[in-house]
Amino acid sequence: MNKKNGLSDLSVILKPLAMFLVLLVIWGIFHIVTDGTFLSVRNISNLFRQMAVVGVLSIGMTICLIGGNFDLSVASIAGFTGAVCAVLVAKFSVNPLLAIGAAVLTGALIGFWNGVWIAYAGVPAFIVTLGSQLIFKGCLLLICNGQSIAVRDELFLTLGQGYMPILLGTVVCVAGAGIYIVLDIRRMKQQKKLHVIESIGGTDIARWAMTAVIVGVFIMAMNCYKGIPIPVFVLLLLVVGFSFLLGKTKFGRHVYAIGGNARSARLSGINGARVTLMIFSLVGMLSGIAGVLTTTRLAAATQNAALGMELDAIAASVIGGVSLAGGSGKIANSILGALVMASLTNGMSLLDINSDIQFIVRGLILIIAVWFDVRMRKDNG
């Protein structure tokens, strides 16, 4: 038993490192076959900007999967809320900040609608979210009516196309990495006092060092172009906020509990229906944010906005180590999975590979990621 637990703990430690190495291999291959274009500072900046939308969706998908459910409607909600935002700004001259708030609130209400059907009406999440996917895809088509809705408001477009001031972005990222490392050290010391762990080992120090190196390289790469893109900065804030929500609050503990064993969670007094309702409301809110980022990046709402991104979000989460069985996973690892997916899409686009082939590759990656998750659960079970 101890040996199995030790191997499980080791796999948890090594999985992020393995994903990082896979990402480096992907980057190296694309850098070679694109004659150096892929790793140019401009393309790396664009890559992270493109990844931001899938990253935001993967945060919601991660929370949903940890809670023992999944959501097929996130991309359609993103497309619909992005169109709502575009209509308010372009056609009704609503203040961009109010329009953004309305779009995010709309996403949260749609998520609440999904949650009511799932948590209280007892309809399976697959059916509810598939139905919502079709409903809001249809609503998006009705709004666009076969045309793009262009937006020209500069303040609105800054959210998707602007950059953080270099000094401010650097200070915030360094401070964020420092706070993470300090809090992690404190957590390890508390576990040592409680005899949960014997000591702080070399793997822990290596993890902190790797975090510092990754943050440093990221800052330098972004600052070599124009700074950190605002969508990426928004994504980082969401990662920090929702990682805290899952890891340090009662709600987060309840999400892991109902995902790990819903019956035991119910017997321990956790209101599973209420937690599920909150999960889907948060997923809807995050889909609204993703929709706003999509519209501001493209400067328009289109009927194909966020097409197929629900698959990318699921694949990113599973690649990041989130179990489809529920009860385990981390948001930060899912973001790394989102970067893997975005890198593949970006690299194939640079090589001018047709979109149909790109869909095939993404589908194969999703199947392989799920297969790997199933194998890992069998080996640890």
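Criteria and cut-off values
Starting afresh in each chain, residues are numbered from 1 along the sequence in its written order. It should be noted that, the model being predicted, local features are given only for residues of pLDDT at least 70 and side-chain atom pairs only at 80 or more, the latter also being counted only at that level, while totals for whole chains, interfaces and linings use all residues. Hydrogen atoms and water are omitted, and side-chain values are computed over all heavy atoms in the structure. In DSSP terms, a helix is any run of H or I states spanning at least four residues, a strand is any run of E spanning at least two, and both are numbered starting from the N terminus. Radius of gyration here uses only the C-alpha atoms, and the compact-globule reference equals 2.2 Å multiplied by the residue count raised to the power 0.38. Relative accessibility decides the category of a residue: with a 1.4 Å probe and only protein chains considered, values under 20% of the type maximum give buried, values over 50% give exposed, and everything between is partly exposed. The contact criterion used throughout is that any non-hydrogen atoms of two residues lie within 4.5 Å. The accessible surface values rely on the Shrake-Rupley method and a 1.4 Å probe; as for residues, cover is taken only from the protein chains in view. In this charge count, Lys and Arg are treated as positive and Asp and Glu as negative; neither His nor the chain ends contribute. Where a charge lies is defined by one atom per residue type, namely NZ (Lys), CZ (Arg), CG (Asp) and CD (Glu). The arc in question is traced by the directions running from the helix axis to the C-beta atoms. Think of a polar contact as two N or O atoms within 3.5 Å of one another; within protein, one of them needs to be a possible hydrogen donor and the other a possible acceptor, and neighboring residues in sequence only count if both atoms come from side chains. Residue types Ala, Val, Leu, Ile, Met, Phe, Trp, Tyr and Cys, when buried and joined through side-chain atoms within 4.5 Å, form a set referred to as a nonpolar core. Planes of paired rings set the category: under 30 degrees apart is stacked, over 60 is edge-to-face and the rest tilted, where pairs are Phe, Tyr or Trp rings (Trp by its six-membered ring) whose centres lie within 6.5 Å. Geometrically, a lysine NZ or arginine CZ counts as sitting over a ring once it is within 6 Å of the ring centre and also within 35 degrees of the ring normal. Structural elements are reduced to axes, namely lines fitted to C-alpha atoms, with helices fitted over the stretch in contact, and the angle between N-to-C directions of any two is expressed from 0 to 180 degrees. Working definition: roughly parallel below 35 degrees, roughly antiparallel above 145 degrees, roughly perpendicular at 65 to 115 degrees, and oblique for all remaining angles. By convention the crossing between two helices is left-handed if the near helix lies anticlockwise of the far one by an angle smaller than a right angle, and right-handed if it lies clockwise. Just so you know the grouping, Ala, Val, Leu, Ile, Met, Phe, Trp, Tyr, Cys and Pro go in nonpolar, Asp, Glu, Lys and Arg go in charged, and all remaining residues, Gly too, go in polar. Between the first and last residue of a helix there are one fewer steps than residues, each counted as 1.5 Å, and that sum is the expected span. Two cysteine sulfurs form what is called a disulfide whenever their separation falls within 2.5 Å.

A.B. asks: Kindly report on the overall build of the protein, identifying the contributing residues and their values.
C.D. replies: The helix and strand inventory of the protein stands at 15 helices and 2 strands. Radius of gyration (C-alpha) of the protein: 21 Å, near the 21 Å computed for a compact globule of 381 residues. Along the first, second and third principal axes, the C-alpha atoms of the protein reach 60 × 55 × 40 Å. By the burial criterion, 46% of the 381 residues in the protein qualify as buried. Summarising the internal contacts of the protein: among those between residues at least 6 apart in sequence, 81% fall at separations of at least 24. For the protein, the exposed surface amounts to about 18500 Å²; the carbon and sulfur share of it is 68%. Positive and negative side-chain charges in the protein, numbering 27 and 14 respectively, have mean positions lying 10 Å apart.

A.B. asks: Let's hear about helix H6 (residues 154–161): which residues, and what values?
C.D. replies: Those residues of H6 that fall on the buried side of the exposure criterion are Phe156, Leu157 and Gly160. The buried side chains of H6 occupy one side of the element, clustering within an arc of 90° when seen end-on. Exposed residues pointing more than 90 degrees away from the buried face of H6 are listed as Glu154 and Leu155. Those residues of H6 that are buried are in contact with helix H2 (41–66), helix H3 (74–90), helix H4 (96–119), helix H9 (230–248) and helix H12 (272–298). In this structure aspartate 153 caps H6, since a side-chain oxygen of it lies 3.0 Å from the backbone nitrogen of leucine 155.

A.B. asks: Just give me the short version of the nonpolar core, but keep the residues and values in it.
C.D. replies: Counting residues in each nonpolar core, the largest one holds 94 residues, and the members touching the most others are Phe48, Ile59 and Ile279. Counting residues per element, this core draws most heavily on H2, which supplies 14 residues. Not counting residues up to four positions away in its chain, the partners in contact with isoleucine 279 are Ile63, Cys64, Gly67, Phe251, Val255 and Ile258. Judged by nonpolar contacts, the second largest core, of 5 residues, contains Ile77, Phe80, Val84 and Phe136.

A.B. asks: Residues and numbers for the packing of aromatic side chains, please.
C.D. replies: Within this structure, the stated rule accounts for 7 aromatic pairs. A ring pair is formed by tyrosine 163 and tyrosine 225, whose centres lie 6.1 Å apart and whose planes are at 70°; its orientation type is edge-to-face. With tyrosine 163 in the loop between H6 and helix H7 (166–193) and tyrosine 225 in the loop between helix H8 (202–223) and H9, this residue pair connects regions lying 62 residues apart in the sequence. Relative accessible area serves as the criterion here: at 23%, tyrosine 163 is assigned to the partly exposed category. Exposure remark for tyrosine 225: the relative accessible area of 26% places this residue in the partly exposed category. Three or more aromatic residues joined by ring pairs form one cluster here, namely Trp27, Phe30 and Phe38. Looking at arginine 49, its charged tip hangs above the ring of tyrosine 163, at a distance of 4.7 Å from the centre.

A.B. asks: Describe the packing of H3 against helix H5 (residues 125–144), with residues and values.
C.D. replies: As a packed pair, H3 and H5 sit with axes 8 Å apart at the nearest point and diverge in direction by 30°. In terms of orientation, H3 lies roughly parallel with respect to H5. Crossing geometry of H3 relative to H5 is assigned as left-handed. Residues Ser76, Gly79, Phe80, Ala83, Val84 and Val87 of H3 pack against Gln133, Phe136, Lys137, Cys139, Leu140 and Ile143 of H5.

A.B. asks: Lay out the packing of H2 against helix H14 (residues 331–350) in plain terms, naming residues and giving numbers.
C.D. replies: The geometry of a pair of packed helices is captured by two quantities: the angle between their axes and the separation between those axes. Here H2 crosses H14 at 135°, and the two axes come no closer than 7 Å. As far as their axial angle goes, H14 and H2 are oblique. Considering how the two elements wind past one another, H2 and H14 form a crossing that is right-handed. Taken together, the residues of H14 that come into contact with H2 (itself represented by Asn43, Leu47, Phe48, Gln50, Met51, Val54, Gly55, Ser58, Ile59, Thr62 and Ile63) are Ile331, Ser334, Ile335, Ala338, Leu339, Ala342, Ser343, Asn346 and Leu350. When its residues are assigned to classes, the contact of H2 with H14 shows 12 nonpolar, 8 polar and no charged.

A.B. asks: Please set out the environment of isoleucine 59 residue by residue, giving values where relevant.
C.D. replies: The residue isoleucine 59 is located in helix H2 in this model. Note: C-alpha distance between isoleucine 59 and isoleucine 335 (276 residues apart in sequence) is 7.5 Å. The contacts of isoleucine 59, once residues within four sequence positions are left out, are Leu235, Leu238, Val239, Phe242, Leu286, Ile331 and Ile335.

A.B. asks: Summarise H7; cite the residues concerned and give the values.
C.D. replies: Along its 28 residues, H7 runs 41 Å from first to last C-alpha, staying within 8% of the 40 Å computed at 1.5 Å per residue. Looking only at H7, the buried set comprises Gly169, Cys173, Ala177, Ile181, Asp184 and Met188. Lining the buried residues of H7 we find H8 and H9. The positive-phi residue at the C-terminal boundary of H7 is histidine 195, with phi of around 65°.

A.B. asks: Explain the state of the cysteines to me, using residue names and the numbers behind them.
C.D. replies: Throughout the structure, instances matching the rule amount to 0 disulfides. Cysteine cysteine 173 shares no disulfide, and the gap to the nearest cysteine sulfur, in cysteine 224, comes to 14 Å. Judged by relative accessible area, which is 10%, cysteine 173 ranks as buried. Of the residues examined, cysteine 224 reaches a relative accessible area of 54% and is grouped as exposed.

That's the geometry; what it means functionally is another story.
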